[in-house]
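Examination of the molecular architecture
Residues per chain, in single letters:
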Amino acid sequence: MALDNITIQKKLQATFGEAVVDFHEQHGMLVFEVSHEKAHDIIQFLKEDEEMGFNFLTDVCGVNYAEEVESRQLAVVYHLHNWFENVRVRIKTYLSIKNPVVDTVSDLYKSANWQERETYDFYGITFKGHPQLKRILNVDTMESFPLRKEHPMEDAGRTDKDDRFFGRTVHNC
Amino acid sequence: MSDLLLPPEERYAKLIEEKFKQDGTELQILNLGPTHPATHGIFQNIILLDGEKVIDGEGTIGYIHRAFEKIAENRPFYQINVLTDRLNYCSSPINNTAWWMTVEKALGIEIPKRVQYMRVIIMELARIADHIICSSVMGVDTGALTGFLYVFQYREKIYEIYEEICGARLTTNMGRIGGFEREWSPKAWQLIEEFLSEFPAIWAEFESLLTRNRIFMDRTIGIGGISAEEAINYGFTGPNLRAAGVDYDVRVATPYCSYEDFDFEIPVGTSGDCYDRFCVRNAEVWESLKIIRQAIDKLPEGPYHADVPDYYLPPKEDVYTNMEALIYHFKIIMGEVPVPVTELYHPVEAANGELGFFLITDGSRTPYRLHFRRPCFIIYQAYNSIVKDGMLSDAIITLSSLNIIAGELDA
């Protein structure tokens, strides 16, 4: 039986109940939100359950939703891929900006190792249980987390370039 | 605190001391890179050696990190194309096209069949150019410079095709939302035809120089191998994964840009070592040539861009004479184009594996978040476990056989 989005949704809801919410499809891909306490277990289930079989972790990245309430300002986005059925899912878990901690999945997929380090490097999200959580692309002595929205792209003292004309958003135009 | 968090030289200093006390062996640390003639890019690896044997290693990356994801959050969509050029700079047109396809998917633009075929042609040419570099550089690293000089002339010819199509050679900035910026000239088609007629003989000769060459085989067979399970676990995609025997290719798994119209094979290896990677890439070049031939033969009639005045710049003559065209021109240049609120992940098969763009838009003219899934970044983390317990000279050839491109590694 081909694995479809409805099957995945039903099985996840039956197994994890309230920890998986907000199922919807975007451009044909199933997207859902998981609670950060359960993120590791759910990804493990998706990987190890025979019917689910998400054997490949495509991508891990962070997002900073600066307009959200404090407990949902950071997010970790996982893209999983089942190569046998060719199904992809996107999993989001929201974290508080004050204390962003989520369990690592590098024990399940080794490819998560550097991707989580990158996410830590740019968003300051701590991956609990990660074997080597240190900065990867930026210098070790860096103090801020540069992809957070609060971090200006360029030195605020610069007068030769006005970023408003390039970075205009719906909120300031 | 875990030992792994220490800088590698401190960690290794301890190991050296322990080993010396244990049996008197003197291990040594070698700092390979950040720039080193044998590494073809900015790679620093701090390696712990026992004689010539690699005991352990740790890579430091980020020397050419340019914060593309941050810049992308502050630039309108058309200005992000030049950032994608600089990811895998050996095959920029693939990155460019991947970016346009991501934007077009977000905006819901239908692309004419002819444009899709032209994109396939240019992407496959870029794949050939990328594989030429990787395969011939593997020859250089085993001491055979001849093949490298011989086929590099044909990489040059591909660059001449780029130049004819978009005016640039390395960082191509090719295409626009909806198609190409101009019609391909008869000269461009002629150059492609010339390439297709001349290159096969050259490539066959290059292969005969190395593929069954005793020295080359001894240097690469059984070196830098990785099993299929490990490769999948480490997130390998592209030729490096297929060399391990897994036939995953985005062009077939989730076809984009009309790849389903073409008949081609996915070459796979068995042992995932340097030799298999070399053979898989060489076979892929032949498949790419097949695809380009089919695309030229089947090329439908039609325009060279989609009819999307909201996103595609009007002809310059019209801008000077026609009010509507002037308004569109101004709005597009200022980035004031209608953008839906959406998020999507779009993968393509780049020369090194699955290149993905994860785009979140919020209706403004810049992406809210743009993340690049760079195949090299994910593949390179396996490097130290692959070269462990091998010889130092094998570590060098493993690096070039993985075809890690520093631009894609650091983004």
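Residues numbered from 1 in each chain as written. Chains lettered and ligands numbered in written order. Predicted model: local features only at pLDDT ≥ 70, side-chain atom pairs only at ≥ 80, totals over all residues.

Looking at an unreviewed UniProt entry, chain B carries the name NADH-quinone oxidoreductase subunit D, with the source organism given as Myroides albus. Annotation of chain B in UniProt includes, under Catalytic activity (unreviewed entry), the sentence "a quinone + NADH + 5 H(+)(in) = a quinol + NAD(+) + 4 H(+)(out)". In its Subunit (unreviewed entry) section, the UniProt record describing chain B reads: "NDH-1 is composed of 14 different subunits. Subunits NuoB, C, D, E, F, and G constitute the peripheral sector of the complex." (UniProt positions renumbered as here; feature names shortened; annotations may be inferred.)

Chain A is annotated in an unreviewed UniProt entry as NADH-quinone oxidoreductase subunit C from Myroides albus. Heading Sequence similarities (unreviewed entry) of the UniProt record for chain A holds this comment: "Belongs to the complex I 30 kDa subunit family." Under Subcellular location (unreviewed entry), UniProt gives the following word-for-word description of chain A: "Cell membrane".

**Description of the sheet that holds strand β4 (residues 341-350) of chain B**
Residue and element names in this part refer to chain B. Strand order in the open sheet made by the 3 strands is β4-β5-β6, with antiparallel pairing throughout. Each edge of the sheet is formed by a strand with only one pairing partner; in this case those strands are β4 and β6 (367-373). On average, each strand axis in the sheet is tilted by 10 degrees relative to the strand beside it, whichever way the strands run. Sheet topology places β4 next to strand β5 (residues 353-362); 10 bridges connect them, and they run antiparallel. Along β5, the bridge assignment pairs P347 with G356. Contacting β4 and β5, helix α4 (residues 92-107) crosses the sheet at an angle of about 150 degrees to β4. (Pairing = 2+ DSSP bridges. Helix = DSSP H or I, 4+ residues; strand = E, 2+ residues; numbered from the N terminus. Axes fitted to C-alpha atoms, helices over the stretch in contact; angles between N-to-C directions. Contact = placed C-beta atoms within 7 Å.)

**Re the interface of chain B and chain A**
Every contact between the two is made by 40 residues of chain B and, on the other side, 35 residues of chain A. For the side of chain B that touches chain A, the secondary-structure elements that each account for two or more residues are α2 (68-72), α9 (228-233), β4, β5, β6 and α15 (375-380) of chain B. In terms of residue count, β5(B) provides more of the side of chain B that touches chain A than any other element does, 5 residues in total. Across the side of chain B that touches chain A, the residue classes tally to 15 nonpolar, 14 polar and 11 charged. (Nonpolar A, V, L, I, M, F, W, Y, C, P; charged D, E, K, R; others polar.)

**Side note on the pairing of β5(B)**
Residues and elements named next belong to chain B. Across the 10 residues that make up β5, a large majority, 8, are buried. Count of turn residues in the β4/β5 antiparallel hairpin: 2 residues. With 6 bridges joining them, β5 and β6 adopt antiparallel strand pairing. Residue pairing in the sheet places L359 in a bridge with L370 of β6. (Buried ≥ 20, exposed ≤ 12 C-beta atoms within 10 Å, placed from the backbone.)

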